[in-house]
Amino acid sequence: MSSSPVIVALDFPSADEALRLVDQLDPTRCRLKVGKELFTRSGPEFVKSLVKRNFDVFLDLKFHDIPNTVARACQAGADLGIWMLNVHALGGRKMLEAARAALPEDAAAPKLIAVTVLTSMGEEDLQEIGLPHSPADEVKRLATLSYESGLDGVVCSPREIELLRQDLPSEFELVTPGIRPQWSVTGDQKRIMTPAQAMTAGGNYLVIGRPITQAEEPMQALKKIEQELGL
Ligand code: C5P
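Remember, it's a predicted structure, so these values are computed and weren't measured experimentally. (Residues numbered from 1 in each chain as written. Predicted model: local features only at pLDDT ≥ 70, side-chain atom pairs only at ≥ 80, totals over all residues. Heavy atoms only, no water.)

Caption draft 1: Looking closely at the nonpolar core. Within the largest apolar cluster, 62 residues are counted, with the highest numbers of intra-cluster contacts made by Leu 10, Val 34 and Val 87. With near-sequence residues (within four places) excluded, Leu 10 lies in contact with Ala 18, Leu 21, Val 22, Leu 32, Lys 33, Val 34, Leu 38, Phe 46 and Leu 50. Listed in part, the eleven residues of the second largest apolar core include Ala 9, Met 84, Ile 113 and Val 155. (Core = buried A, V, L, I, M, F, W, Y, C linked by side-chain atoms within 4.5 Å. Buried < 20%, exposed > 50% of the residue type's maximum accessible area, 1.4 Å probe, protein only. Contact = heavy atoms within 4.5 Å.)

Caption draft 2: Representation of the pattern of salt bridges within the structure. Considering all chains together, one arrives at twelve salt bridges under this definition. Asp 56 is paired through a salt bridge with Arg 31; the nearest N and O atoms lie 2.5 Å apart. In this pair, Asp 56 sits in the loop between α2 (36-52) and β3 (57-63) while Arg 31 sits in strand β2 (residues 31-34), placing the two residues 25 residues apart along the sequence. The class for Asp 56 is buried, based on a relative accessible area of 4%. Residue classification places Arg 31 among the buried residues on the basis of a relative accessible area of 5%. Put simply, Asp 60 and Lys 62 hold a salt bridge, and the shortest N to O gap is 2.9 Å. Here Lys 62 falls in the partly exposed class, since its relative accessible area comes to 22%. (Salt bridge = Lys/Arg side-chain N within 4 Å of Asp/Glu carboxyl O. Helix = DSSP H or I, 4+ residues; strand = E, 2+ residues; numbered from the N terminus.)

Caption draft 3: Quick peek at the site of the ligand. In the vicinity of the ligand, the contacting residues are Ala 9, Asp 11, Lys 33, Thr 119, Pro 177, Arg 180, Gln 189, Val 207, Ile 208, Gly 209, Arg 210 and Pro 211. Within the backbone of Gly 209, an N or O atom sits 2.8 Å from an oxygen atom of the ligand. Here an oxygen atom of the ligand sits 2.7 Å away from a polar atom, N or O, in the side chain of Arg 210. Burial of the ligand by the protein amounts to 77% of the accessible area it has alone, namely 460 Å². When contributions to the shell around the ligand are tallied by element, the ones reaching two or more residues are β8 (205-208) and α9 (210-213). Classifying every residue of the shell around the ligand by side-chain character gives five nonpolar, three polar and four charged. (Near = heavy atom within 4 Å. Polar contact = N/O pair within 3.5 Å; in protein donor to acceptor, adjacent residues only side chain to side chain. Areas by Shrake-Rupley, 256 points an atom, 1.4 Å probe, with all protein chains shown as cover. Nonpolar A, V, L, I, M, F, W, Y, C, P; charged D, E, K, R; others polar.)

Caption draft 4: Structural detail: the environment of Gly 230. The topology assignment puts Gly 230 in the segment after α10 (218-229). Among the residues examined, Gly 230 registers a relative accessible area of 63% and is labelled exposed. It is 31 Å that separates the C-alpha atoms of Gly 230 and Ser 49, two residues lying 181 residues apart in sequence.

Caption draft 5: Representation of the packing of aromatic side chains in the model. Under the counting rule described, the total for this entry stands at two aromatic pairs. Between Trp 83 and Tyr 205 the ring centres are 5.1 Å apart and the planes differ by 80°, which places this aromatic pair in the edge-to-face class. Pair noted here: Trp 83 is in the loop between α3 (67-79) and β4 (84-88) and Tyr 205 is in strand β8, with a separation of 122 residues, a long-range link. You can call Trp 83 buried: its relative accessible area is 11%. The interplanar angle of 85° and the centroid separation of 5.5 Å between the aromatic rings of Tyr 147 and Phe 172 together place this pair among those described as edge-to-face. (Phe/Tyr/Trp six-rings, centres within 6.5 Å; stacked < 30°, edge-to-face > 60°.)

Caption draft 6: A look at the packing of helix α1 (residues 15-22) against α2. Two elements in contact, α1 and α2, have axes whose closest approach is 10 Å; the angle formed by their N-to-C orientations is 40°. Here α1 lies oblique to α2, going by the angle between them. Here Ala 15, Ala 18, Leu 19 and Val 22 of α1 come into contact with α2, specifically with Leu 38, Ser 42, Phe 46 and Leu 50. Across the contact of α1 with α2, the residue classes tally to seven nonpolar, one polar and no charged. (Axes fitted to C-alpha atoms, helices over the stretch in contact; angles between N-to-C directions. Parallel < 35°, antiparallel > 145°, perpendicular 65-115°, else oblique.)

Keep in mind these numbers describe shape, not what the thing actually does.
And the structure:
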């Protein structure tokens, strides 16, 4: 268990490679995100092994299906002992409500958050699939729908934090990738913020991959981020 806002993205092609990093991390000082590649290769047993090591795990599988199927997938996630999981808000209100209803209400239940508009999609991509509004408007609409459906928060880019904080209450949690400390390489991320900027703007959790996973000394990188955040 951790009280850290930092979620380290385990973007590795195999459990062995992921564990080489995990072995260097302290579960009281960060949480871990397992996405589609690692989960598809290494599966639930790997996730359980992280939970057994006392890490809070965010299972980033972005469920999007009929309500009954998503509800059951969320239950299966909760059974793994994970801390957070996510669904696609584009699955609609009934799907979001079914996901919410499928999870227990106790404190040990995973947080349920939604993905709104993928940041890979621009205005033209949205129009092509019949979504006429600007990405910012769609993000706002889907985040509001997620809130109304009882979800705990959304994943959003750091540039969307301010927009979402205008309308949504402070207990609705914002989880943001696209984070780059000043000392790190930007890589392929474009609309980035530093950890401190994202937290000051109103973010609750920071998903950070390469600045930590590719660092020669990952715990040192984490320490620098903690210092920047005043932790
Ligand atoms: O290495 P980096 O810090 O860029 O990793 C960010 C993580 O957040 C990756 O797992 C990436 O897939 C994820 N992500 C993102 N942008 C989004 C949604 C998720 O970078 N809009």
